[in-house]
Amino acid sequence: MDLSEGPEYERFRGEVRAFLDRHWQPDRAADDDYVAKFRRDAVAAGLLYRGVPESYGGSGQAPDPLRAQVVREEFGRVRAPLEVGGVGTALLVPTLLQWGTPAQREQFVPRTVTGELRWCQGYSEPDAGSDLEGLRTTAVVDGGEWVINGQKVWTSNSMRADWMFLLARTEPDQPRRAGLSYLLLAMHQPGVEVRPLRQLTGSSEFSEVFLTDARTPVGLLVGERGQGWAVSRTTLAAERSTLAAPETSAALFASLVKLTRRRERNGRPAIDDPGVRSRLVELHGWIEAQRCSALIQASPGARSEGPQRLALLNKLLHTEIARRVSEIALDVLGPAGLLDPRATTRPGDERWLNQFFGSLGVAIAGGTSNIQRNIIAERGLGLPRDAQGAQP
Amino acid sequence: MNFELSPEQQLLGDTVRGYLLTEHPVARILARAEAPDDNLDDVWDGLNALGLAGIAMPEEFGGLGLGVLDLAVAAEALGYGAAPGPHLGHWLASLAVARGGSASQRARWLPGLSSGATRAALVWDDAGTPVLGGAGADVYVVRTAAGFEIAAAGPAVTVRRRPGIDLTRPIDEVTIEAAALEPLPAADSDLAAYVRAVGHVLVAADAFGGALRCLDLSVAYAKTRRQWGQLIGQFQAVKHQLADLALLVEPGRGLYWYAAHALDAYRLGAAEAAALAKSHIADSYVRAARSAIELHGGFGYTWECDVHVYLKRALLDREYLGDPESLRQEIAAHVLAPA
């Protein structure tokens, strides 16, 4: 066991800092052109899009979770922009790098990593949420095109997306998952209608998407016909690991401690209340357990059984931490927790309601907690499948 | 960076665990622990034949010269196998002698403590902290305001066995006449704090091992017990409870590893990390054992089912050297300090 970074990583950290000193001016964070140029420079320096080959707009570095962590830490320290967010970079790019044709990679990866192309994910349907294998959207070949009909739902960022990656049923004679294919579809066309859904928070960040004879070239099938399930698993695996970053928890904990310092309880700062202190330290135990588990997973021997089982727990652990944060926050908010954080442009502490509601989203998005429990039990603990036997 | 055990540490843990599971299964230990004249010396000797007593003792006195993480790996295996015996107290008391003793005290005591031929017990306070293995100890290490004092077994020592709930680790009350005690001259309150932090790590490791066994026993039971014509492990209610149990237990491993490593590497905040690991994992252990008993149904409430042994070990781990709530209050100022 050795938790020192070692000279190699210390040198790398120094290089990252030197790069940021030279290239990053925090006062220009709102200047889109400047930010785009900064990202290009960071790619050229081998710091961003480390897993994307140079020919597709990345920096083509060997996988190294510790270097990636050094980059996140150092960029975070000076609030420099990391990779473009969203499902395009987090999910679609890894999928195309594994399954896509050279032409597909060429067409989409470089423009996705710059943020020029924005993506949404077309998986869930009104009758196919956790039971994704039961989805009904169809795609049939007509001439040189796929013609797609169906309805997608809870589709995040679909209002702003240029493209959708989706699962559709292309092999109607095949059972369930064997009948699915993975397609790329342009959003701006007559056959695609986006109707915003109002979320429980009152705002609209996801939508229903109606596909009525929507068309896409046959060349935009990713993988083979009937392979869509396997192709989509790459993206879900990527999503689960991105959802669980322990650094997010540490930052959230620091904010929560500040909240308890400025909110009052019985006439004194909430942080002086022994009950609040006890719950904060208990939460800290969970967050430290998450951090240490991530260290185990980032270690050279992480292919063995123990770390593999830990990896299956990541999403549920993250959900548990988010829930505990939200409960403590709500308690110290007091009456401020009755105000709608959307009512003013600069909300006060009631903005913690966004975390409170968001923690529910964490429990649902990317595989609900109950689906996670099935996966942990069947794949991690080796329990037999239940009668339906329908787990991914 | 690598945050994993060395092959030697892995082997140590596997060896101790394998020895206990094959030579001293829990049911047999329990039956022997209830027998009036069986002091389970063969388990103590068998474990020490594997080198356990001297893991962290100096090599010049026959020890292995290893660190807190190595001790903790052994402690996890003892917890997993519900090992009977006083290793926890022996390790802590021996550490106090090794670090706080004079040259002559070290020469007198450490060879026996390293081999296990001499048993040490730790008397932490007179406020109710039990002495583990007080009866049968050859030497007593007593914490004082100034550090530690030491006394050999003899007429000046009175040991009163308490009717402990954990049959694998008997608890005693020990009183020693002041005249029989001599100070460990190099011991001070810093050493006492260090020994306590090591104790927190070792209890956390024992608790982790025990909680992991609760999970493993429950998973195994769910794969053999049938109701309504199917394995209960096929029911989602059971699966989900087991998944939640895994979530409660498994992430704790890194927590105690980190604390052990932090003590070995003299990292800042090591003592707080140890207290955090102890509070978190011992707390989880009680919950895990309760959940495991529920998962075993009616059988789980019987003496025959091993899990109650773990539930009772969990109660001792939870209380010994500070219960979770007290430890949380103790380290709150450190954890909540402004960055």
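Residues numbered from 1 in each chain as written. Chains lettered and ligands numbered in written order. Predicted model: local features only at pLDDT ≥ 70, side-chain atom pairs only at ≥ 80, totals over all residues.

Quick notes on the sheet that holds strand β3 (residues 139–143) of chain B
Residues and elements named next belong to chain B. In spatial order, the strands read β1-β3-β4-β7; together these four strands make up an open sheet with mixed pairing. Pairing within the sheet leaves two strands with one partner each, and these edge strands are β1 (120–123) and β7 (182–183). With five bridges joining them, β3 and strand β4 (residues 148–152) adopt antiparallel strand pairing. By the bridge assignment, Val142 is partnered in β4 with Glu149. (Pairing = 2+ DSSP bridges. Helix = DSSP H or I, 4+ residues; strand = E, 2+ residues; numbered from the N terminus.)

Focus: the packing of helix α1 (residues 6–23) of chain A against helix α3 (residues 65–77) of chain A
Residue and element names in this part refer to chain A. Where α1 contacts α3, the axes come no closer than 10 Å and their chain directions differ by 35°. In this structure, α1 meets α3 at a crossing whose hand is right-handed. Between α1 and α3, the residues in contact are Tyr9, Phe12, Arg13, Val16, Arg17 and Leu20 and Leu66, Arg67, Val70, Val71 and Glu74, respectively. Residues of the contact of α1 with α3, tallied by class, amount to seven nonpolar, no polar and four charged. (Axes fitted to C-alpha atoms, helices over the stretch in contact; angles between N-to-C directions. Left-handed = near helix turned anticlockwise from the far one by under 90°. Contact = placed C-beta atoms within 7 Å. Nonpolar A, V, L, I, M, F, W, Y, C, P; charged D, E, K, R; others polar.)

Comments concerning the environment of Phe208(B)
Residues and elements named next belong to chain B. Residue position: Phe208 is located in helix α7 (residues 189–222). For the pair Phe208 and Arg253, spaced 45 residues apart in sequence, the C-alpha separation works out to 6.6 Å. In contact with Phe208, other than residues within four places in its own chain, are Glu76, Gly79, Gly252, Arg253, Tyr256 and Ile281.

Considering the confidence of the model for chain B
The predicted coordinates of low-pLDDT regions are not to be read in fine detail. For chain B, the average pLDDT comes to 97, and 100% of its residues sit at 70 or higher. Reported confidence for the predicted complex is 0.97 by ipTM and 0.93 by pTM. (pLDDT = per-residue confidence, 0-100.)

Notes on the domain arrangement of chain A
Domain boundaries in chain A define domain 1 (6–83), domain 2 (119–226) and domain 3 (244–380). Computed over C-alpha atoms only, the centres of domain 1 of chain A and domain 2 of chain A are separated by 34 Å. (Domains from an automatic or database assignment.)

Some words on helix α12 (residues 307–319) of chain B
Residues and elements named next belong to chain B. Here α12 is 13 residues long and its end C-alpha atoms lie 19 Å apart, about the 18 Å a rise of 1.5 Å per residue gives. Here α12 lies mainly inside the structure; 10 of its 13 residues are buried. Buried within α12 we find Val307, His308, Val309, Tyr310, Leu311, Arg313, Ala314, Leu316, Asp317 and Arg318. The elements touched by buried residues of α12 are α2 (26–34), α7, α10 (270–295), α11 (297–300) and α13 (324–335). Leu321, located one to two residues past α12, shows a positive phi value of around 65°. (Expected span 1.5 Å × (residues − 1). Buried ≥ 20, exposed ≤ 12 C-beta atoms within 10 Å, placed from the backbone.)

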